[in-house]
Amino acid sequence: YVCKVLKMEEAVAQSGKQMVVMYYDIAEGEHAGYYDQQYKREKQSNSEAKWRGKYYLFPYTKEGFTNPSFKGALTCIEKSNMGFKVVWPLNFDMFKGKLIGLLFREEDVLWQGRVITTVRPCAARTVDDIRNDRCTVPKKKELDNGQSGQGGQDANAQSVYNTQEFTPTTVDTDELPF
């Protein structure tokens, strides 16, 4: 999907690793505004609703080198926004409003004792590659059978596929939770 970067910030993963969180929404096509609409629906019944359009990037490998997928995402943003150049050291405000292509895949996750299928971004691409259908959707990421309770498939868990109908909207950044 062609997506719009709403915000990027540094964070620390549960594992203690440094990461960058990219908050985005789908910018074009039949699913445009998906995460904005989802957030607004949740906010009606839950005052602590969370923004679900997040892409987690890890700037460094475990050896301390620049992570190729992080560098690749920055390059995709540059190539997708004419005249835009990433300036070092990074000021994450420079990415707000920029377009990026995100490749999504289905993933099984263990949630409240059940295996559910969700859809998450797994790789960055250029907007041109997305618009011209030059990407292959990756195979579904399934849980390992031997990891019950730790993200693995529970023998008693039932598979649930979450499908929600929505109407595309324009993202009103004044109403975002960040």
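Since the structure is predicted, the reported quantities are computational estimates derived from the model, not experimental observations.

Across all of its chains, the model carries 7 aromatic pairs by this definition. Judged by centre distance (5.4 Å) and plane angle (80°), the rings of Y1 and F104 are edge-to-face. One end of the pair, Y1, is in the segment before strand 1 (2-12); the other, F104, is in strand 4 (residues 99-111), and 103 residues separate them in sequence. A relative accessible area of 38% means that Y1 is categorised as partly exposed. A centroid spacing of 5.9 Å and a plane angle of 50° characterise the contact between Y39 and W51, whose relative ring orientation is tilted. Taken as a pair, Y39 in helix 1 (residues 34-45) and W51 in the loop between helix 1 and strand 3 (54-57) lie far apart in primary sequence, 12 residues in all.

Take helix 2 (residues 68-80) next. Within an α-helix, residues lying three or four positions from one another point in the same direction, as the helix has 3.6 residues per turn. The end-to-end C-alpha separation of helix 2 is 18 Å, in line with the 18 Å expected for 13 residues at 1.5 Å each. Inspection of helix 2 places F70, A73, L74, C76, I77, E78 and S80 among the buried residues, and these make up the whole buried set. Looking at the buried side of helix 2, the elements it contacts are strand 1, strand 2 (18-26), strand 3, strand 4, strand 5 (114-125) and helix 3 (127-131).

Another aspect to go through is the confidence of the model for the protein. Scored by pLDDT, the protein has a mean of 84; 81% of the residues are at 70 or more. Note that pLDDT drops below 50 for residues 148-174; the model gives that stretch 55 contacts with residues more than four away or on any other chain.

Rules used throughout
- Residues numbered from 1 in each chain as written.
- Predicted model: local features only at pLDDT ≥ 70, side-chain atom pairs only at ≥ 80, totals over all residues.
- Heavy atoms only, no water.
- Phe/Tyr/Trp six-rings, centres within 6.5 Å; stacked < 30°, edge-to-face > 60°.
- Helix = DSSP H or I, 4+ residues; strand = E, 2+ residues; numbered from the N terminus.
- Buried < 20%, exposed > 50% of the residue type's maximum accessible area, 1.4 Å probe, protein only.
- Expected span 1.5 Å × (residues − 1).
- Contact = heavy atoms within 4.5 Å.
- pLDDT = per-residue confidence, 0-100.

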